[in-house]
Amino acid sequence: MIKKLSLTAAFIAVAFMIAGCAKTRKAGGQMDTPEVHTEQGMKYFEGGEINKAEEEFNLAISLDKKFAPAYAGRALVYGDRGRN
């Protein structure tokens, strides 16, 4: 149990380090904003489409590394995967 928890914590730490090093990309249009991607990610999450939700949250983060709601959405995805 402790080994599994340590491995999970290590994975999450590496994921945040990689995300922190990534460059911010420029928006491709008016609907390409962190807010829109996070909102769409929540719709996918609530609809049970976890992979699509994660993709949307990652797109939001790629636009603004400091956009906290996208990280919260991604945490929901990770939590849901851990539960299943």
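The preceding data block contains the structure.
Computed from a predicted structure; not experimentally measured.

Student: In this structure, what is going on with the packing of helix H2 (residues 34–46) against helix H3 (residues 50–63)? I would like to understand it.
Tutor: Between two packed helices, both the angle of their axes relative to each other and the distance between the axes serve to describe the pair. Contact pair H2 / H3: the axes reach a minimum separation of 8 Å and the direction vectors enclose 165°. The orientation of H2 relative to H3 falls into the category roughly antiparallel. Two packed elements cross with a definite hand, and for H2 against H3 that hand is left-handed. For the pair H2 and H3, the contacting residues are Pro34, His37, Thr38, Gln40, Gly41, Met42, Tyr44 and Phe45 in the first and Ile50, Lys52, Ala53, Glu56, Phe57, Leu59, Ala60 and Leu63 in the second. Considered class by class, the residues forming the contact of H2 with H3 number 10 nonpolar, 4 polar and 2 charged.

Student: So what exactly am I meant to see when it comes to helix H4 (residues 68–83) here?
Tutor: Since one α-helical turn is 3.6 residues long, residues separated by three or four positions face the same way. Along its 16 residues, H4 runs 23 Å from first to last C-alpha, staying within 8% of the 22 Å computed at 1.5 Å per residue. Along H4, the residues that are buried comprise Ala70, Gly73, Arg74, Val77 and Asp80. Projected down its long axis, H4 carries its buried residues within an arc of 115°, all on one side. Seen from the open side of H4, the exposed residues pointing more than 90 degrees away from its buried face are Ala68, Gly82 and Arg83.

Student: Where do I start with H2 in this structure?
Tutor: For H2, built from 13 residues, the straight-helix expectation of 18 Å at 1.5 Å per residue is met to within 8% by its first-to-last C-alpha distance of 18 Å. On its buried face, H2 sits against H3 and H4.

Definitions and limits used
- Residues numbered from 1 in each chain as written.
- Predicted model: local features only at pLDDT ≥ 70, side-chain atom pairs only at ≥ 80, totals over all residues.
- Heavy atoms only, no water.
- Axes fitted to C-alpha atoms, helices over the stretch in contact; angles between N-to-C directions.
- Helix = DSSP H or I, 4+ residues; strand = E, 2+ residues; numbered from the N terminus.
- Parallel < 35°, antiparallel > 145°, perpendicular 65-115°, else oblique.
- Left-handed = near helix turned anticlockwise from the far one by under 90°.
- Contact = heavy atoms within 4.5 Å.
- Nonpolar A, V, L, I, M, F, W, Y, C, P; charged D, E, K, R; others polar.
- Expected span 1.5 Å × (residues − 1).
- Buried < 20%, exposed > 50% of the residue type's maximum accessible area, 1.4 Å probe, protein only.
- Arc of directions from axis to C-beta.

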